[in-house]
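Structural overview
If you want the building blocks of each chain, they are given just below.
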Amino acid sequence: MEKGLIIAIDGPAASGKSTTAQLLAKKLGYLYIDTGAMYRACALKAKKLGIDINDEESIRNLLDFIDIQIENDNSKNRILLDGEDVSEDIRADDISSLASAISAIPAVRYKMVELQRKMGEKGSVILDGRDIGTFVFPDAEVKFFLTASPEIRAKRRWLELQQKGIDKDFSEVLADLVKRDNNDSQRALAPLKKAEDAIEIDTSNMTIEEQTETLYKIILSKLEEECKCS
Ligand code: DC
C-alpha cells in the first residue's frame, strides 16, 4: 500500500469523536485533524472582531485575512489563529453555537474544506467532524458515524463543564445540544449526515476505551485487506 488510510469519523456533538480519534491516531501513528476546531476558530475570530454571525458579507471578508494552523502534539491538536494558540479559548460554551452558525455559511465551509483536504490528502490521517465521509473525503477508505442518545451526550458535556468549574443546568446543556444538532443537520451545504457506506456505532453504553477498541479492530481488518490487495 502506497499511503496510509484516510479515516473519517462523523457524528453529532459529544458523541465521543475527538477523544476516540485522538487515541486511534496515537495507536496508528496517524495525523489527527479536529475539523470542528477550525469552525470554532472562525467563530472566535468573528467574536473578537465584533462581527455579527448573521452578517454574511463581513464574515466572507474575514476569510481573506484569517490564518488557521493545526499543530499536532502527541496526537492532540493545537489550534493557532493568526499565530496565537487559541486551543482553550475555542472551547468556551458560547463558541459552540457560534461555530455551528458560522459553519452554515457556504464561503466558510469552502475555505475550511479546502484546508482540510490539503492537510489530509497524503493519507495516514484521521479527521473528525460532521461531513468528512460525505463531503470532505467521500472516498475515505474507512468511515464511521458515531451516535449516542441526546441525554447521554448532554451528560458527557455537562460533566466536562462541571470539571471546568462551569455550573450550567443539565436541561440547558441538553437543549443547547439538541439545537446545535438540528442546525448542523438542517443546513443546506454538507449537513451532518451518515455517509451511506459509513459504519454506524452507538456509543451510548460504551466507555471511551471500548469505543476506541471497536473502531481499532475495524481499521486493522481494513489495513489487512488493503495489504492483501496491493
Ligand atoms: O465538533 P465540534 O463540536 O467542535 O464542532 C463545532 C461546530 O462546527 C459544529 O456544531 C458544526 C461545525 N462543524 C461542521 O459544520 N463541520 C465539521 N466537519 C465539523 C464541525
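In this text the structure is predicted, and so the values were computed from the model without any measurement. (Residues numbered from 1 in each chain as written. Predicted model: local features only at pLDDT ≥ 70, side-chain atom pairs only at ≥ 80, totals over all residues. Heavy atoms only, no water.)

With that settled, consider unusual backbone geometry. Located in the positive-phi region is D82, a residue other than glycine, with phi close to 50°. Residue placement: D82 occurs in the loop between β4 (76–81) and β5 (84–85). Assessed through its relative accessible area of 38%, D82 is described here as partly exposed. Here A190, not a glycine, exhibits a phi torsion of approximately 45°, which is positive. (Helix = DSSP H or I, 4+ residues; strand = E, 2+ residues; numbered from the N terminus. Buried < 20%, exposed > 50% of the residue type's maximum accessible area, 1.4 Å probe, protein only.)

Residues separated by three or four positions in an α-helix point in the same direction, a consequence of the helix having 3.6 residues per turn. Between its first and last C-alpha, helix α5 (residues 106–120) extends 21 Å over 15 residues, near the 21 Å set by a 1.5 Å rise per residue. Taken residue by residue, α5 has V108, R109, M112, V113, Q116 and G120 as its buried positions. Take α5 and look down its axis: the buried residues cluster within an arc of 120°, on one side only. (Expected span 1.5 Å × (residues − 1). Arc of directions from axis to C-beta.)

Moving on, we get to the site of the ligand. Near the ligand lie 15 residues; those nearest to it are R40, R109, D131, R180 and D184. Between the ligand and R40 there is a distance of 2.7 Å, counted from an oxygen atom to a side-chain nitrogen or oxygen. D131 places a polar side-chain atom, nitrogen or oxygen, 2.8 Å from a nitrogen atom of the ligand. Alone, the ligand offers 450 Å² of accessible surface; in the complex the protein occludes 96% of this. (Near = heavy atom within 4 Å. Polar contact = N/O pair within 3.5 Å; in protein donor to acceptor, adjacent residues only side chain to side chain. Areas by Shrake-Rupley, 256 points an atom, 1.4 Å probe, with all protein chains shown as cover.)

The geometry of helix α7 (residues 150–163) relative to helix α8 (residues 170–186) is characterised by a closest axis approach of 9 Å and an angle of 120° between their N-to-C directions. Judged by the angle between their axes, α7 and α8 are oblique. Along this stretch, α7 crosses α8, giving a crossing that reads as right-handed. Here P150, E151, R153, A154, K155, R157, W158 and L161 of α7 come into contact with α8, specifically with F170, V173, L174, L177, V178, R180 and D181. The residue makeup of the contact of α7 with α8, split by class, is nine nonpolar, no polar and six charged. (Axes fitted to C-alpha atoms, helices over the stretch in contact; angles between N-to-C directions. Parallel < 35°, antiparallel > 145°, perpendicular 65-115°, else oblique. Left-handed = near helix turned anticlockwise from the far one by under 90°. Contact = heavy atoms within 4.5 Å. Nonpolar A, V, L, I, M, F, W, Y, C, P; charged D, E, K, R; others polar.)

Take the sheet that holds β5 next. Taken in spatial order, the three strands of this open sheet run β3-β4-β5, and their pairing is antiparallel. Strands with a single pairing partner mark the edges of an open sheet, and in this sheet they are β3 (68–73) and β5. Both β4 and β5 contribute to a ladder of two bridges, which runs antiparallel. By the bridge assignment for β5, L81 is matched with E84. Lying over the sheet, helix α2 (residues 35–48) contacts β3, β4 and β5, oriented at roughly 30° with respect to β4. (Pairing = 2+ DSSP bridges.)

So, on to α8. Taking 1.5 Å per residue as the helical rise, α8 with its 17 residues ought to reach 24 Å, and the 24 Å between its terminal C-alpha atoms agrees with that figure. Listed as buried for α8 are V173, L174, L177, R180, D181 and D184. Viewed end-on, α8 has its buried residues packed into an arc of 130°, placing them on one side of the element. Looking at α8, the residues exposed on the side facing more than 90 degrees away from the buried face are S171, K179 and Q186. The secondary structure elements touched by the buried residues of α8 are α2, α4 (93–102) and α7.

All we've got here are geometric facts, nothing functional implied.
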